[in-house]
Amino acid sequence: MMMRLLHAAAAVLLIAGCSGAARGGPGLQGQAVLRDKAGQQVGLATFTEQPDGVRIAVSATGLPPGPKGIHIHAVGKCEPPEFTSAGNHFNPTGKKHGRLNPEGAHAGDLPNLEVTPAGTARLDVTTKAVTLKSRVPNSLFGADGTSLVVHAQADDEMTDPTGNSGGRIACGVIS
Ligand SMILES: [Cu+2]
Ligand SMILES: [Zn+2]
């Protein structure tokens, strides 16, 4: 009798676990390996679905010092050296660029990555504008995929469509 109950409980847990995965709730994770124009790895970003949004944690080395624009772009393709393959900023809701723009922001707009004089940087930000869940317009895992792109200059967080952040110096496909 006891064994039967245990089996039944295990089966219920299994079913609960599976449906949770299909829905894509909390616990979903992603990552992006950032590479520069020469193909060198210069950083790693992790993406974690949390109740308050997607937590994005970036750590980087070997970058030029100063604030750098960093965004989620709308295509999951990083072809060096220009990384134009990554497309425009991820913008499923048709907004304008910039977290300070009254008509913004793109879902992919993030605060600047502050690179130290030693060339290292960390960014830890949580955003409700994107999700790791599938089959919704703001999913980072839609048909085209997405990528994380670091720019040569600071993002002014206002100028549409790029924030005047200059060329693309590193890119990583979000997977
Ligand atoms: Cu960008
Ligand atoms: Zn933008």
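What counts, and at which threshold
- Residues numbered from 1 in each chain as written.
- Chains lettered and ligands numbered in written order.
- Predicted model: local features only at pLDDT ≥ 70, side-chain atom pairs only at ≥ 80, totals over all residues.
- Helix = DSSP H or I, 4+ residues; strand = E, 2+ residues; numbered from the N terminus.
- Buried ≥ 20, exposed ≤ 12 C-beta atoms within 10 Å, placed from the backbone.
- Contact = placed C-beta atoms within 7 Å.
- Core = buried A, V, L, I, M, F, W, Y, C linked by C-beta atoms within 7 Å.

Participant: Can you explain the overall build of the protein? Please cite residues and give values.
Facilitator: A count of helices and strands for the protein gives 1 helix and 9 strands. Order of helices (α) and strands (β) in the protein, N terminus to C terminus: α-β-β-β-β-β-β-β-β-β. In the protein, which comprises 175 residues, the share counted as buried stands at 36%. Partitioning the contacts of the protein with sequence separation of at least 6, the portion at a separation of at least 24 is 58%.

Participant: With reference to specific residues and values, describe the nonpolar core.
Facilitator: Burial of nonpolar side chains together is a common tendency in soluble globular proteins. Among the nonpolar cores identified, the biggest contains 36 residues, and Leu 34, Leu 148 and Val 150 are the most heavily contacted of them. Of all elements in the fold, only β1 (29–36), β2 (41–50), β3 (53–60), β5 (70–73), β6 (113–115), β8 (146–151) and β9 (168–174) reach the threshold of two or more residues within this core. No other element matches β9, which puts 5 residues into this core. Apart from the residues within four sequence positions on either side, Leu 148 is in contact with Ala 32, Leu 34, Ala 45, Ile 70, Ile 72, Gly 172 and Ile 174.

Participant: Before we move on, can you summarise the environment of Ala 143 with the specific residues and values?
Facilitator: On the secondary structure map, Ala 143 appears in the loop between β7 (121–127) and β8. On the neighbour-count criterion, Ala 143 (6 C-beta atoms within 10 Å) is exposed. In this structure the C-alpha to C-alpha distance between Ala 143 and Val 75, which are 68 residues apart in sequence, comes to 8.9 Å.

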